[in-house]
Structure formats: structure tokens, C-alpha cells
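Next come the chains, spelled out residue by residue.
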Amino acid sequence: MWAGEVERAGERLYAVFARHPMPSDMAACEHCVDPADVDRFRRTPLRALNPEQLGGYLGNSGTWGDGSELPHLVPRLLTAYAGGEMTDWWWPATVTRRIGEQWAVWTPAERDAVEGFLRAWWRWTLTSWPSTCPAEEVLDAVAALELSVDPYLADFAELPGEAPIRHLAEIVRWSAPNERSGRELARWLASDVPAELLWTAAVAGAGTPLGDELVEAADLVDLLRSTR
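Quick summary incoming for the structure in this document. Because the structure is a prediction, the values reported are computed rather than measured.

Our next topic: the overall build of the chain. Check the secondary structure of the chain and you find 12 helices and 0 strands. Element order for the chain, N to C, with α for helix and β for strand: α-α-α-α-α-α-α-α-α-α-α-α. Seen along its three principal axes, the alpha-carbon backbone of the chain occupies a region of about 60 × 35 × 30 Å. Across the 228 residues in the chain, those meeting the buried criterion constitute 46%. Long-range pairs, those at least 24 residues apart, make up 71% of the contacts in the chain between residues at least 6 apart in sequence. Charged side chains in the chain number 20 positive and 35 negative. The centres of these two groups are separated by 4 Å.

Before going further, it helps to spend a moment on the nonpolar core. Of all hydrophobic cores here, the largest spans 66 residues; its most connected members are Ile99, Val114 and Leu198. For Ile99, the residues in contact, after removing those within four places along its chain, are Leu70, Val74, Leu78, Trp106 and Leu145.

Attention now moves to the packing of helix 6 (residues 108-126) against helix 8 (residues 150-158). Their axes nearest at 11 Å, the elements helix 6 and helix 8 cross at an angle of 25 degrees. Comparing their axes, helix 8 and helix 6 come out roughly parallel. Crossing angle aside, the handedness with which helix 6 passes helix 8 is right-handed. Residues Glu115, Leu118, Arg119, Trp122, Arg123 and Leu126 of helix 6 form the contact with helix 8, whose own contacting residues are Pro151, Tyr152, Asp155 and Phe156. Split into classes, the residues belonging to the contact of helix 6 with helix 8 amount to 6 nonpolar, no polar and 4 charged.

Now for the packing of helix 11 (residues 192-204) against helix 12 (residues 209-226). Put simply, helix 11 and helix 12 touch, their axes get as near as 8 Å, and they point 155 degrees apart. With respect to their mutual orientation, helix 11 and helix 12 come out roughly antiparallel. As helix 11 runs across helix 12, the sense of the crossing is left-handed. Each of Asp192, Pro194, Ala195, Leu198, Trp199, Ala201 and Ala202 in helix 11 lies in contact with helix 12, whose residues at this interface are Gly211, Leu214, Val215, Ala217, Ala218, Asp219, Val221, Asp222 and Arg225. Residues belonging to the contact of helix 11 with helix 12 are distributed by class as follows: 11 nonpolar, 1 polar and 4 charged.

The next point concerns unusual backbone geometry. The residue after Trp129, namely Pro130, is reached through a cis peptide bond having omega -5 degrees. Relative to the helices and strands, Pro130 is located in the loop between helix 6 and helix 7 (135-144). Look at Glu146: it is not a glycine, yet its phi comes out positive at around 65 degrees. Tracing the sequence through the fold places Glu146 in the loop between helix 7 and helix 8.

Calculation criteria
Residues numbered from 1 in each chain as written. Predicted model: local features only at pLDDT ≥ 70, side-chain atom pairs only at ≥ 80, totals over all residues. Heavy atoms only, no water. Helix = DSSP H or I, 4+ residues; strand = E, 2+ residues; numbered from the N terminus. Buried < 20%, exposed > 50% of the residue type's maximum accessible area, 1.4 Å probe, protein only. Contact = heavy atoms within 4.5 Å. Lys, Arg positive; Asp, Glu negative; His and termini not counted. Charge placed at Lys NZ, Arg CZ, Asp CG, Glu CD. Core = buried A, V, L, I, M, F, W, Y, C linked by side-chain atoms within 4.5 Å. Axes fitted to C-alpha atoms, helices over the stretch in contact; angles between N-to-C directions. Parallel < 35°, antiparallel > 145°, perpendicular 65-115°, else oblique. Left-handed = near helix turned anticlockwise from the far one by under 90°. Nonpolar A, V, L, I, M, F, W, Y, C, P; charged D, E, K, R; others polar.

Next up, the structure:
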């Protein structure tokens, strides 16, 4: 279900941002980037840009491009991350942080298309185990765009199946919310909701390896709640 939503949201990105062409002259520091790579990148059809090309572009912020190329590239960048093509490169927040620098001047349709894609990607992530991208990294991408993560956190209680609770346990075990996804995640983790979700699932899975993992996560949430 949600995989189809991501695909449709991705196609909407391509349609909405189609009015932005690749700049005919993409500036880059010749000491940092091979001019031949820049030219090949510029001439490659958008959907055909591969992870190495995208990663090279992202890794040369400030020395490759002046930002005018970003709207053209946004559909390919976001769909590549959601599709698991960029696991060996930068975190998805690298892309949304750049988007945030231009967010205020984008049209409502463009902002809506990006937000719609992030929502679909998040729900697909939460309902898949394992997922193509860790849930925390998707949440970090949302926070990097300075969008509220509260509607995303609500999905932990609303989406069915075992996958959402497993993602929640993983976030509890590995996240550093004050440094990454911001105060909203830290506040939510210290609320009653995640503890109730984890303990309910832990009791239901008692005596299984998953149940033990959920107990560990629930204990960590209880500890977090007691220190706030």
C-alpha cells in the first residue's frame, strides 16, 4: 500500500518540478571536482543520475553548483534516498537541509509535493521491516526542513502491524534526539504514548526475542521519562 503511495508521490515531484531545467552552465571548483564529471552530470537525464553522481554532487556543497540546480534535482534526490539507493552516501537530511535554504521562495505546490513525499516515505518506512532507510534518518530529514515531526510521531500509534513498534524500539535504543531530530522527538519520547505502545507490545510478545527487545526499549523510555 505505502510503497505505491511513495511511487505516486515521487511522480508528483517530477511533475511539479519539471518546470525547472538543469542549468546550462553548472559552476564548480576545478580543484575540487573534475570538470568532465560536472559536464557528464549536467548532460545525464534526471532519472538516469546514479548514486555515485548524486553523492558526488552532495559531497561538494559550496564548490559544485550555486543552488539554481537544486529544484531540478530534488525529485531524483528524494526518490533515490527513499528507494535505498543512497545507503553508502550522505544522510537524507543532507538533501532536506539544502531544500530548507530555498524553502521560503518555492511555490506552495512545490512545498506541498515535498511534504507529501516525506509523509508517504515515512509511512512506508514505518510499515516495512527492515526498511530501505532507518526511520530515525527519515525523521531527521523532516526535522532538517524545520517541519513539525508531531504528525509523523503520531503514526507510531496509528499504523497497524509489528513494523512500527520495531522502528520505535530502534529509535529509542539509538537516537540522540537533542542533537538530531530536535526537542519534539525528545518531548514525545518522554510522554506516556511511546511507553504504553512499547509495554503493550512487550507483554504481547513475552518470551520471544522481539519481546525482550521491546522490554529493553520500554525500560529506556521509562528511564527517559524519570529524568525529565
